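Topology and contacts: notes
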Amino acid sequence: QALEKAALTKETSSKDTGEEKNAYGVKIGENCKNNGCKVNYEGEPSNLDLCRYHPGIPIFHEGLKYWSCCQKKTTDFSEFLEQLGCSTGHHCWVKLETKKVAACRFDWHQTATHVCVAVYAKLSDPAPTYVEANPIRLNANIVFGDENVFTLDIELTGLIDVDQSSVCLAASKVEIKLRKAEPSSWRTLNVEREQTSNNKTDDEKADEKAEGGLEQMVDAVDLSDL
Ligand SMILES: [Zn+2]
Ligand SMILES: [Zn+2]
């Protein structure tokens, strides 16, 4: 479930102009950038094709590979790549191509009723940025600055009320305000998993080499700074 985006009007309108320019610059043969879609751009009609893609992010965890959206778990990397998209929409010819996975400082604090997570991403871009949550999980994908992407995907310590939670994109940071479902005090923001990235089997390390770029996306979710 996507949290309501409260973006500054000025930022939104300037972004719209930028996207229009991109739409005209698509080259023939350009491949669709949506996860799981292998269609190439063959001219104007391609824009009317249905795109089957995974709106989520790739997750590699304890040898299992899956998309966060549909979670069909497999141990086989090529099988994972072949998984047909679970959602349909429009092809995306230019997005993400030049975006870099970036680390970004974030912290959190709490009040009696809320947990506030501040991600210090300067000049976040409201259109591609999304923050999703369910009562026990927060998944933020923040596009900011010079085409950087920061991903935060955590299992929360306490329960939240998603409908009363919100996210605000300001010039210097992204503030995610999570409404506590229970009035307890949180000791930590997220549940620490026993297995960390420093504790992998040789098999998984070999996987990492082969997986290249995709693995980097997962590495961006580094919780050791907490
Ligand atoms: Zn999917
Ligand atoms: Zn597509």
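Residues numbered from 1 in each chain as written. Chains lettered and ligands numbered in written order. Predicted model: local features only at pLDDT ≥ 70, side-chain atom pairs only at ≥ 80, totals over all residues. Heavy atoms only, no water.

Within the protein, the secondary structure is distributed over four helices and 13 strands. Going through the 226 residues of the protein one by one, you find that 36% of them count as buried. A separation threshold of at least 6 residues defines the contact pool for the protein, and within that pool the share at least 24 residues apart is 59%. In the structure as shown, the protein presents an accessible area of about 13200 Å², 50% of it carried by carbon and sulfur atoms. (Helix = DSSP H or I, 4+ residues; strand = E, 2+ residues; numbered from the N terminus. Buried < 20%, exposed > 50% of the residue type's maximum accessible area, 1.4 Å probe, protein only. Contact = heavy atoms within 4.5 Å. Areas by Shrake-Rupley, 256 points an atom, 1.4 Å probe, with all protein chains shown as cover.)

Another aspect to go through is the sheet that holds strand 11 (residues 148-155). The strand order 6-11-10-9 describes an open sheet built from four strands, whose pairing is mixed. Looking at the sheet topology across the chains shown, the edges are occupied by strand 6 (100-101) and strand 9 (130-134). As paired elements, strand 6 and strand 11 share two bridges and run parallel to each other. Directly across from Lys100, in strand 11, lies its bridge partner Asn148. (Pairing = 2+ DSSP bridges.)

A few words on the confidence of the model for the protein. Mean pLDDT over the protein works out to 78, with 72% of the residues at or above the 70 mark. Confidence drops under a pLDDT of 50 for residues 7-23, and excluding neighbours within four residues, the segment shows 15 contacts in the predicted structure. Predicted confidence for residues 204-226 stays below pLDDT 50, and this span has 36 contacts to residues more than four positions away or in other chains. (pLDDT = per-residue confidence, 0-100.)

It is worth spelling out the nonpolar core at this point. One finds Val117, Val119, Leu138 and Ile176 to be the most contacted residues of the largest nonpolar core, which totals 26 residues. If you list the elements that add at least two residues to this core, you get strand 8 (114-119), strand 9, strand 10 (137-144), strand 11, strand 12 (160-169) and strand 13 (174-180). Once you skip the residues sitting within four places of it in the chain, Val119 turns out to touch Cys104, Arg105, Phe106, Ile142, Phe150, Lys173 and Val174. (Core = buried A, V, L, I, M, F, W, Y, C linked by side-chain atoms within 4.5 Å.)

Moving on to the coordination of the zinc ion (ligand 2). Looking at the metal site, the zinc ion (ligand 2) is ligated by Cys32 (SG), Cys37 (SG), Cys51 (SG) and His91 (ND1), spaced 2.0 to 2.3 Å from it. Sequence positions of the residues that donate to the zinc ion (ligand 2) give the spacing C-x4-C-x13-C-x39-H. Pair noted here: Cys32 is in the loop between helix 1 (9-24) and strand 2 (51-53) and Cys51 is in strand 2, with a separation of 19 residues, a long-range link. For the pair formed by Cys32 and Cys51, the shared burial category is buried. (Donors = N, O, S within 2.8 Å, 3.2 Å for Na, K, Ca; no water.)

Further remarks concern the pattern of salt bridges. Tallying each qualifying case throughout the model produces three salt bridges. The residue Glu30 makes a salt bridge to Lys33 at a minimum N-O spacing of 3.1 Å. (Salt bridge = Lys/Arg side-chain N within 4 Å of Asp/Glu carboxyl O.)

Moving on, we come to the packing of aromatic side chains. Counted according to the given criterion, the structure contains six aromatic pairs. Ring centres of Phe106 and Phe150 lie 6.0 Å apart, and the angle between their planes is 45 degrees; this geometry places the pair in the tilted category. In this pair, Phe106 is assigned in strand 7 (residues 106-110) and Phe150 in strand 11, connecting sequence segments 44 residues apart. A residue is classified by how much of its surface remains accessible, and Phe150, at 3% relative accessible area, is buried. The cationic tip of Lys73 hangs over the ring face of Tyr66; the distance from NZ or CZ to the ring centre is 4.8 Å. Over the ring of Tyr120 we find Arg105, and its NZ or CZ is 4.3 Å from the ring centre. (Phe/Tyr/Trp six-rings, centres within 6.5 Å; stacked < 30°, edge-to-face > 60°. Lys NZ or Arg CZ within 6 Å of the ring centre and 35° of its normal.)

Distances from the zinc ion (ligand 1) to its protein donors, namely His54 (ND1), Cys69 (SG), Cys70 (SG) and Cys86 (SG), fall within the range 2.1 to 2.4 Å. Each of the four donor atoms around the zinc ion (ligand 1) contributes to a set of angles spanning 99 to 119 degrees, which defines the coordination as tetrahedral. For His54, a relative accessible area of 1% puts it in the buried group. (Tetrahedral: all angles 85-135°; square planar, octahedral: opposite > 155°, others 65-115°.)

Note on backbone geometry: most residues besides glycine have negative phi, and most peptide bonds are trans. A positive phi is found at Gln71, a non-glycine position, where the angle reads about 55 degrees. Residue position: Gln71 is located in the loop between strand 4 (64-67) and helix 2 (77-82). Non-glycine residue Leu123 carries a positive phi angle of around 55 degrees. Assessed through its relative accessible area of 57%, Leu123 is described here as exposed.

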